[in-house]
Amino acid sequence: MIYVVATLSVKPETRAEFIAGATACIKETRKEPGNIAYDLHESVTDSSKMVFVEQWENAEALVPHRAADHMKAFGRIAVNCLAAPPKIEVITPAKVDIR
């Protein structure tokens, strides 16, 4: 299992447009094979900071996701809404012994 955490800084005047585009993208992404969860969060201290938290069965599931039409459509919207390049991290659960 992997997680993707994408942190984006959105221009205040484009926030509604960004959220509308993200909503459509989220709806379609949740239907993709290998997707477990795909959610958008917002900072409670900085309204311009938006964070996608994604959960996937494996890294292979990301390949068709990145090429999906809904991702391309969202990318065309997001590029006009972002105040800075996104920060994207792919992470896996840490192997810890909690006994």
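Nothing here was measured: the structure is a model prediction, and the numbers come from that model.

A.B. asks: Any chance you could explain the overall build of the protein chain here in plain terms?
C.D. replies: Of the regular secondary structure elements, the protein chain holds three helices and four strands. Secondary structure of the protein chain in N-to-C order comes out as β-α-β-β-α-α-β. With the C-alpha coordinates aligned to their principal axes, the bounding extent of the protein chain is approximately 50 × 30 × 20 Å. Counting all 99 residues of the protein chain, 33% fall into the buried class. Long-range contacts, defined as pairs at least 24 residues apart, comprise 68% of the intrachain contacts of the protein chain with a sequence gap of at least 6. Of the accessible surface of the protein chain, which amounts to about 6,400 Å², a share of 58% is contributed by carbon and sulfur atoms. Side chains of the protein chain give 12 positive and 13 negative charges; the mean places of these two sets differ by 1 Å.

A.B. asks: So what exactly am I meant to see when it comes to the environment of Cys25 here?
C.D. replies: Within the secondary structure layout, Cys25 lies in helix H1 (residues 15-29). Assessed through its relative accessible area of 1%, Cys25 is described here as buried. Residues Cys25 and Ala73 lie 48 residues apart in sequence; the distance between their C-alpha atoms is 8.1 Å.

A.B. asks: Explanation requested: the nonpolar core in the structure shown.
C.D. replies: Generally speaking, soluble globular proteins have nonpolar side chains that are buried together. Counting 19 residues, the largest nonpolar core has Leu8, Val10, Phe18, Tyr38, Phe52, Trp56 and Phe74 as the members making the most contacts within it. Mapped by element, the contributors of at least two residues to this core are strand S1 (2-9), H1, strand S3 (49-56) and helix H3 (69-81). Apart from residues lying up to four places away in sequence, Phe18 is in contact with Leu8, Val10, Leu40, Met50, Phe52, Phe74, Ala78, Cys81 and Leu82.

So, how was this worked out
- Residues numbered from 1 in each chain as written.
- Predicted model: local features only at pLDDT ≥ 70, side-chain atom pairs only at ≥ 80, totals over all residues.
- Heavy atoms only, no water.
- Helix = DSSP H or I, 4+ residues; strand = E, 2+ residues; numbered from the N terminus.
- Buried < 20%, exposed > 50% of the residue type's maximum accessible area, 1.4 Å probe, protein only.
- Contact = heavy atoms within 4.5 Å.
- Areas by Shrake-Rupley, 256 points an atom, 1.4 Å probe, with all protein chains shown as cover.
- Lys, Arg positive; Asp, Glu negative; His and termini not counted.
- Charge placed at Lys NZ, Arg CZ, Asp CG, Glu CD.
- Core = buried A, V, L, I, M, F, W, Y, C linked by side-chain atoms within 4.5 Å.

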